[in-house]
Amino acid sequence: MNPGLDARRASVRALKFVLESRTALDAALSQTPEFGRMESRDKAFARLISATTLRRRGQIHAVLSAFLEHDLPEHAGEARLLLETATAQILFLDTKPHAAVSEAVTLAKTSANSKRFSGLINAVLRKVVAGGREIADATPLSDNLPNWLRDSWQAAYGIRTVEDICAVVMRDPPLDLSLRQSPDSESLAEAIGAAILPTGTLRKPEIGDLTALPGFDDGEWWAQDAGAALPARLLNAQPGESVLDLCAAPGGKTMQLAATGASVTALDASPKRMRRVADNLGRTQLAAECVTADGQTWGEAQSFDAVLLDAPCSATGTLRRRPDAAWIKNQEDIASLIPIQNALLDNATRLLKPGGLLVICTCSLQPEEGEFWLDNGLARHPELEIDAIRPDELPELEDAIQENGAVRLTPDMWADRGGIDGFFIARLRKTAKA
């Protein structure tokens, strides 16, 4: 076994899954034969190579295009991925250039599909080492996005903001933790080596091995981006209230709600994902009723004091943590998700008691899955009205609050702290007369 070679081979195979089968990166890595037998450190290296290649794909293509006299033929896909992953290592990771070049050539020679290109790979990568940095630095960061995504973001937020978003998205994300009990935050933050963000999330600069951190075994915290922690916080569930977490997996928001002392029902359509919710509840010693069902239609006589709807979406706000999301989704996928999001909002409204609160959110930067979704929902449900989110509820994120009281988070917010996942969040009240 050669751990470095195996990690690089796994990254190439995983990227092939991601780009050809539109498979999520973590699932793609788990399907590679090498990944399962690697040590944790080598698994992390394989994922880092893959994620960096996806994040920096536009810059990588610009560099390779400058040094390839002719584009590689269609059947040379593996050779192309070897060039891309090696270029990612040379320009954006701390890999020694000679190691990246040598291992790429070695991998090329082990495959019948890429063996004939091994000399070309060697020659091109040596040019990348000598002159690739200048080309990469001259390439706009927004070129790393697929065309459809870049164009939609520029239309929604403007070119300057998109470049600012991409500057954050290109960096490795920090580790964010939500606490089961916030009074312990200062001592736990010190033990973990984390800072406390204004919204209460603990943030550690590097992710590392979660299981080795203080408090893991005791279930004192769970990993959850600071942006993802806001919807449950803004629902402001109270002890004894009946709360429905619709589309609950993987369970971060369920645990937040359960920690308030509310009576929580966690629902998700996927049995596998629902088991993960139950496992997370068990580790943190929190309680919720777990239900596996379709949130679009579930519930007959049930009604709840509050409902949290984190609807399935394109996840384009999460590219800091999921760079594959840019490449496994497209505009057609968003169009297919909109009816599901609408049906979930309709059912959430039906299940909410008069006078109750409904928080809706998506981890998407697409207006179709945020602002337009809200407007359409309000048009269908005159019994709903916006319960405006106040500046004091979002300390140091006040600029995210829109004129109507909804929230639009973009990853460039808190850029000096490591950014935040993109989210759309709105809080609604069902009028008592409904």
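Check the entry above for the structure.
Read on for an overview of the structure.

Procedures and definitions
Residues numbered from 1 in each chain as written. Predicted model: local features only at pLDDT ≥ 70, side-chain atom pairs only at ≥ 80, totals over all residues. Heavy atoms only, no water. Helix = DSSP H or I, 4+ residues; strand = E, 2+ residues; numbered from the N terminus. Buried < 20%, exposed > 50% of the residue type's maximum accessible area, 1.4 Å probe, protein only. Contact = heavy atoms within 4.5 Å. Areas by Shrake-Rupley, 256 points an atom, 1.4 Å probe, with all protein chains shown as cover. Lys, Arg positive; Asp, Glu negative; His and termini not counted. Charge placed at Lys NZ, Arg CZ, Asp CG, Glu CD. Expected span 1.5 Å × (residues − 1). Pairing = 2+ DSSP bridges. Right-handed = clockwise from strand over helix to strand, strands pointing away. Phe/Tyr/Trp six-rings, centres within 6.5 Å; stacked < 30°, edge-to-face > 60°. Lys NZ or Arg CZ within 6 Å of the ring centre and 35° of its normal.

**Topic: the overall build of the chain**
Here is step 1: Secondary structure assignment for the chain yields 16 helices and 12 strands.
Here is step 2: With the principal axes as the frame, the chain shows a C-alpha extent of 75 × 45 × 40 Å.
Here is step 3: Scored against the burial criterion, the 434 residues of the chain give a buried share of 55%.
Here is step 4: Counting only contacts in the chain whose residues sit at least 6 apart along the sequence, the fraction spanning at least 24 positions is 71%.
Here is step 5: Accessible area for the chain stands at about 18,500 Å²; split by element, carbon and sulfur atoms hold 50% of it.
Here is step 6: Across the chain, 47 positive and 59 negative side-chain charges occur, with their mean positions spaced 6 Å apart.

**A few points about helix α7 (residues 118–138)**
Here is step 1: An ideal rise of 1.5 Å per residue puts 30 Å on 21 residues; α7 measures up with 28 Å between its terminal C-alpha atoms.
Here is step 2: Among all positions in α7, only Ser118, Ile121, Val124, Leu125, Val128, Gly132 and Ala136 are buried.

**Here's the deal with the sheet that holds strand β4 (residues 221–223)**
Here is step 1: Here four strands make up an open sheet; going across it, the order is β2-β3-β1-β4 and the pairing antiparallel. The open sheet has two free edges, formed respectively by β2 (195–196) and β4, since each of these has just one partner strand.
Here is step 2: Bridge count for β2 against strand β3 (residues 202–204) is two bridges, and the pairing is antiparallel. Each residue of the ladder has a partner; that of Ile196, found in β3, is Leu202.

**Some remarks on the pairing of strand β5 (residues 242–246)**
Regular strands place their side chains on alternate faces of the sheet.
Here is step 1: In terms of burial, β5 is a largely internal element, five of the five residues being buried.
Here is step 2: Of the two faces of β5, both are covered, the one formed by Ser242, Leu244 and Leu246 as well as the one formed by Val243 and Asp245.
Here is step 3: Pairing between β5 and strand β6 (residues 263–268): five bridges, direction parallel. In the strand pairing of β6, Ser242 is matched with Ser263.
Here is step 4: With respect to chirality, the unit in which β5 leads through helix α12 (residues 252–259) into the neighbouring parallel β6 is right-handed.
Here is step 5: By the bridge criterion, four bridges tie β5 to strand β8 (residues 304–310) in an arrangement that is parallel.

**Re the packing of aromatic side chains**
Here is step 1: Within the structure shown, the criterion is met by two aromatic pairs.
Here is step 2: Note on Trp298 and Phe304: the rings are 6.2 Å apart at their centroids and 35 degrees apart in plane angle, and the pair reads as tilted.
Here is step 3: Assessed through its relative accessible area of 6%, Phe304 is described here as buried.
Here is step 4: Just above the ring of Trp221 sits the side chain of Arg283; from NZ or CZ to the centre is 5.6 Å.

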